[in-house]
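Take a look at the letters that make up each chain.
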Amino acid sequence: MTGGGFRAGIPVGRLALMAYVLLMLALLAFPIGLLVVASFQGGMKSTSGLDGWSLSAYAAVPPDYWGALWFTVECAFLATALVFVVAIPAAWGLVRGNLRERRFVSALVLLPDSVPSITLGIALLALFVPLGLSNSFAGIVVALTVTSLSLALRFTEALLEGVPEELEQAAVTMGASRVTAVVTVVLPLLAPGLAIAALFIFVQNLVAFELLLFIAGPRATPISVRLFTDIVDRGVLPQAIAMSAILVYIGIAFHTLVAMTVGARYLAGSTMSRKG
Amino acid sequence: MDEPSEIETVDGRAIAGRNHRSGIAVASQEPVLQPADARRWRDRHFYRAFTLPAVSVAVGTTVLPLALLLFWSLVDQRSGEPTLRYYVQSLASPYFARTLLTTIVMAAGVTAVSIVLALPVAYVLARHTLLRSVLVPVISVPRMLPFVVIGYAIVLLLAPYTGVMNKSLIAAGILSEPVFILFGWPGQAIAFGYAGVVIAIAILTGVFMTVDPQLEDAAVTLGAGRLKAVLTVSMPLAAPGTVAAAALIFSTVVTSYAIPVMLNSRTPYMVSVLIYNNLYSLQERHLAYAQAIIVTALAVSVTTAAQFFLSRFGSRR
Amino acid sequence: MLYGRLGQKVQVRHLSKSFGKVSALQDLSFDVEPGELVAFLGPSGCGKTTALKTIAGLLPGHGGEISFGGERIDHLPPNRRNIGLVFQNYSLFPHMTVNENIGYGLRMRRWSAERRMARVREMLALARLEGLGERKPEQLSGGQQQRVALVRAMAFMPDLLLLDEPLSNLDAGLREDVRTDMRNIQRRTRQTTILVTHDQEEALVMSDRIVLMNQGRVEQIDSPEQLYSMPATEFAARFIGRGNIFHGAYLRDGDKDAVRIEGLDTPLPASTRAPAVGPSGSPVAACIQPEQIVVRARNDIETLKAHWPGAFITTGKIVDIAFHGGSSVLHLDVERAGLIKCRRPVAEVQGLCFGDRVVVGILDCHLMPRSE
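Quantities reported herein were computed from a predicted structural model and do not represent experimental measurements.

The rules behind the values
Residues numbered from 1 in each chain as written. Chains lettered and ligands numbered in written order. Predicted model: local features only at pLDDT ≥ 70, side-chain atom pairs only at ≥ 80, totals over all residues. Heavy atoms only, no water. Helix = DSSP H or I, 4+ residues; strand = E, 2+ residues; numbered from the N terminus. Contact = heavy atoms within 4.5 Å. Buried area = accessible area lost by both parts, 1.4 Å probe. Salt bridge = Lys/Arg side-chain N within 4 Å of Asp/Glu carboxyl O. Nonpolar A, V, L, I, M, F, W, Y, C, P; charged D, E, K, R; others polar. Pairing = 2+ DSSP bridges. Axes fitted to C-alpha atoms, helices over the stretch in contact; angles between N-to-C directions. Polar contact = N/O pair within 3.5 Å; in protein donor to acceptor, adjacent residues only side chain to side chain. Phe/Tyr/Trp six-rings, centres within 6.5 Å; stacked < 30°, edge-to-face > 60°. Buried < 20%, exposed > 50% of the residue type's maximum accessible area, 1.4 Å probe, protein only. Lys NZ or Arg CZ within 6 Å of the ring centre and 35° of its normal.

## Quick look at the environment of Val38 of chain C
Residues and elements named next belong to chain C.
Moving on, step 1. Structurally, Val38 can be placed in strand β3 (residues 37-41).
Moving on, step 2. When the C-alpha positions of Val38 and Ala203 are compared, they lie 8.5 Å apart, and in sequence the two are 165 residues distant.
Moving on, step 3. Ignoring any residue separated from it by four or fewer positions in sequence, one finds Val38 in contact with Asp31, Val32, Thr193, Ile194, Leu195, Ser207, Arg209 and Val211.

Rendered as C-alpha cells:
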C-alpha cells in the first residue's frame, strides 16, 4: 500500500529546470574547455578532432611570456603585502576607535571600486606620467594596491569585529602597550582569516587587467596585458593559447585551494566583484 | 536610559576609561583634573593616526588623479584656457552620441539577458548543496582568470575562418561560407553575456542562499504551486540582490574596453574604444578625459539609482 | 460560517516514511475527529515533525494513506491538500504586510478582493491584531507573529490545521498566555488540529488526545487523563514525568495483580495494568505515583498499618524534604529499592526531618511492559 505518489508522474518542470541548469553550465564551461583543448593541438588548426595532440604550443611559449607571468606574480604579491600593511592599522583604528568618520573612510576607500576601471586607469596614467611611474613596476604595484584596498579593509574590519576587545584590554592590564597588545594578541587571532583574505586579493591582483592596460608598458608588462597586445597586434598565436591555458590551470589551482580552505559555499555565495 | 550609559554620564572618567585602552597606566600618571573631553579628543586622534596611511593612499591615488582628470577635461589642451568645449564637442557629435547609445543598449541588453538566464541556475545551485559543490568551479574559475583569457576562448569559438562555431556550422552544411557577423556586435554580446552570466550566477546564488527555503514551503501549504511560490515569495525576496547584480553588470559592460578591441577593433561600437582611440591614436587627451567623465557619470548614476532602489525597497527584507 | 467550517474526520492509516535507509516513521495510524485537537508528543527526533510534514505533503514518497472524510488526499500536492501548517519559526513572508500574509492563501484560492478583505479582517479580530494589518512581520512582537502565523494558516478554512512546536520560539513567560489564546481560538473555531510538541505539559493542557511517539513508532494514543494515569509503556510513564519506576516481575494472583520488585521480599499490589503486560512472571515496570506513598516515623508503624491496610510496608531514610505549597515532597532512600519520591499533605509529614529513619507504605502501583 503506497500512497504519497503525487510526484510519481514525470516531473516535467523539474526535469526541464535541471536540464536547463546543466546546459547553461556546460555552455559556460565550453569556451574554457575549448581553449585547453586547442592548447594541446598546437594552436587552433584542428580543434575538431583528437588527432594531432602535441605539446608544441607549450614548447613555443617564449621566455618573455614566462617573464611577464613572473612579473605579474611579483606585482600581485607585493601589492597584497602592501595593502595589508595599510589596511590592518586602518581597520583597527576605525573599529576600536569607533571613529565618527568610519563611513566616510569606507566610502573613500570604496571609490576606486565604484569608478569604472577605464576612468581610473586614465586618471592614474595622467598622474603617473609626470611622476615617471607609468610603465614601471612601482606604478603597477600602486595601482593594484589602490584597487584592492576596499576589499582588504572590509575583510579586516569584519575579522576585527569578531575579536572581542576584552582580549586586548586583558593584554593591556598585564602591561602591554596598545600596539603590542594588537601585535601579540589580535594579529595571531586574525591570521587565519587574513590568510584567506590575502589569497583572494592575491588572485584578484593576479588577474587584474583593464586597469593595468593603461599603466603598463614595454618595461612593465603583466601577462594579461601581454596576451592582449599580442592578440590585437598579431592575432591568435599558439603560444598565447598555451599561456592562456596555463592561466586556466592556475585559476583551477586557486579555486581548489580556496574551496579546500574556505569551502565551496563561500565561492558561490561571495559577492566579491571583479571588473574586466 | 539603560544602566551602563547612566554610569557613563555620572562619571566622565568612565567614558575616558572605556575608550582609553591603556587607561590604568595613564590614570596613575596624569592628574584626575584633566578634563575627560580633552582626553577623548586626544584618544580619537590616536586612533585616527592609524587610518592615515589608508586615507592618504586613497586620496593620493584615487581622489587626486580623478580631480586632475576632471580639471584637465575643463582645460584646453593647447592653450591652457578653461573651456567646456570637450564636453560640448562630445555630446554634440552624432558619432559619439550614437556610440554612447549603442553602448547603453548593449549594456542594458546584456544585463537583462544575463539576469534572466542566470536566475534559474542560481536558484537551483542555491537549493541543491550537492550540485553546488560539484558545479561551482564552472562559475568560480572564470572569475579567477584575467578577462583576456576569456577573450581568447571566445575568439577560438567565433573567429571567422578558424573558429569552432563557423567550422561546425559549415561542416553541418548550415553555412556555405563563414559569417563575420559573429565577430561583430553579436560576438561582443556573447563575450559580455558570458561575463554577465558568470557574475549574475555567482551573486544570485549567494542571494538565494539567504532566502529561507521554508518560506516557499509555507507558500505551498497555503495553496500556491511550486512555481507560484517561487515567483511570489523567493523572487521578491531576492529582488534587492538582483538589482545589485544588474547594476554591477551594467556598469562593467558600459566601460568595458578589452573585449570590444579584441573582437573587433575596426568598428568602435563601444564608447570605451572611442576614448582609447582619442587617448592614444589621436592624441586628444583632454577630449578623452571629458568622455571618460561622461561615461563615469553614466555608470555611477546607474549604480546610485540601484542603491537608491535598494535603500527604498531593500528594507522589506 | 463565521470562522470556518466544521471539518471532516481525518484518518491516517499505516503512515511510514524513511530517509534513505533510516526509517523515520513506522506504521502511524490514528483518527482526528472534526473539531478535535490531537497532540503528537515525543522527544526530539521521535518522528513527530516528520509525521506532520508528511501529512502536509512536504515530504513526498511515503507509505500509507491519509484521507479527509473518507476521501484520500495523499496523492495530492501540498498546495491542493487544503491543510494549514504553522511552522516552528512561523515563516511569515518578510516582504508582505500582515494583511498580505493572511490573505495569501485566499489569493491563491482566487477569492475576490472584497471577500478576501472581509476574511482577513475577521482573522485579525480572531487573533486580536486589529489595526496591525499594514505592519510588516518584523514590526510585530514574537507573540503577535505567532498569532499571525496561526490565522494565516486558518484563513482559508483548511480541513486540518498542523502546528509545529508553535510555542517553542516564545519566551517562557509568554508561553502560557499564548497557549491559552491558541486553545481558545481552536475551541471557538472548532478547527480540526494536530499539534506537535516535545513539552508534555503543553500536550496535556492543550489537547483532546495525545499520540505519544518514540523512535518513529506510536507508544500510546489516549486522552491526556488516561495517558497520565495509565501509561501504556515504561517509556510513556517516564516521558510523561511520572517518577518512581521500578523493574520487577508480574505476578497474577487470582484476580489481583501484583509485582515482585527486585530486592524486595513481598509483592507490591497493583490496581491497574496496561493491556500489553504479558502473562504472570513476565518482566514489567511498575510506576508508583508520589501520592501513593505514605511515610510515618519509625515508631508509628501501627497507625500506618491501621490507616492503610494492605499497604506494602518497608523502611527507609529521608534524604530530602521540601515544602511545595500545599504539599511536601520527600525523597526517600528505601531499603533495597533505592530512591523514591513521595508527595504528602504538609500536615501529615510535620515533625519529620532530613535524615530521619521512617516507615514507608506503598499503596498502589500501575504495571506496564518494560522499554529497553
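## Considering the interface of chain B and chain C
Moving on, step 1. At the junction of the two partners, chain B supplies 21 residues and chain C supplies 23 residues.
Moving on, step 2. Regarding the contact of chain B and chain C, the summed buried area is about 1,900 Å², with carbon and sulfur atoms giving 61% of it.
Moving on, step 3. Applying the counting criterion to the chain B and chain C interface returns zero salt bridges.
Moving on, step 4. Those elements giving two or more residues to the side of chain B that touches chain C turn out to be α11 (213-221) and α12 (226-254) of chain B.
Moving on, step 5. With seven residues, the single largest contributor to the side of chain B that touches chain C is α11 of chain B.
Moving on, step 6. In terms of residue class, the side of chain B that touches chain C is made up of ten nonpolar, six polar and five charged.

## Here we look at the sheet that holds strand β19 (residues 338-345) of chain C
All names here are of chain C.
Moving on, step 1. Spatial ordering of the open sheet is given by β16-β20-β17-β18-β19, a layout of five strands whose pairing is antiparallel. At either margin of the open sheet sits one strand with a lone partner, and together these are β16 (293-297) and β19. The mean angle between the axes of side-by-side strands here comes to 45 degrees, regardless of whether they run parallel or antiparallel.

## Brief notes about the interface of chain A and chain B
Moving on, step 1. Contacts between chain A and chain B engage 93 residues on the former and 90 residues on the latter.
Moving on, step 2. Measuring nitrogen to oxygen at the nearest pair gives 2.5 Å for the salt bridge that ties Arg48 of chain B to Glu101 of chain A.
Moving on, step 3. At the boundary of chain A with chain B, the tally comes to nine residue pairs in polar contact (both at pLDDT 80 or more).
Moving on, step 4. Tallying contributions element by element places helix α1 (residues 12-39) of chain A first for the side of chain A that touches chain B, with 17 residues.

## Topic: the packing of aromatic side chains
Moving on, step 1. Inspection of the entire model under this criterion finds 20 aromatic pairs over all chains.
Moving on, step 2. Measuring from ring centre to ring centre gives 5.8 Å for Phe71 of chain A and Phe137 of chain A, while their planes differ by 70 degrees; the resulting arrangement is edge-to-face. Separated by 66 residues along the polypeptide, Phe71 of chain A in helix α3 (residues 63-97) and Phe137 of chain A in helix α6 (residues 137-161) bring together distant segments of the chain.
Moving on, step 3. Taking the relative accessible area as the measure of exposure, Phe71 of chain A reaches 13% and is therefore buried.
Moving on, step 4. In this structure an aromatic cluster arises from ring pairing among Phe209, Phe214 and Phe228 of chain A together with Tyr257 and Tyr276 of chain B.
Moving on, step 5. The positively charged end of Arg109 of chain C is found above the aromatic ring belonging to Phe156 of chain C, 3.9 Å away from the centroid.

## A word on unusual backbone geometry
Residue and element names in this part refer to chain C.
Moving on, step 1. Even without glycine at this site, Arg128 takes up a positive phi of about 50 degrees.
Moving on, step 2. Relative to the helices and strands, Arg128 is located in the loop between α3 (113-126) and α4 (142-154).
Moving on, step 3. According to the relative accessible area criterion, Arg128 is partly exposed, its value standing at 47%.
Moving on, step 4. The backbone of Glu165 sits at a positive phi, close to 40 degrees, despite the residue not being glycine.
Moving on, step 5. By the secondary structure assignment, Glu165 is in the loop between β7 (160-164) and α5 (172-189).

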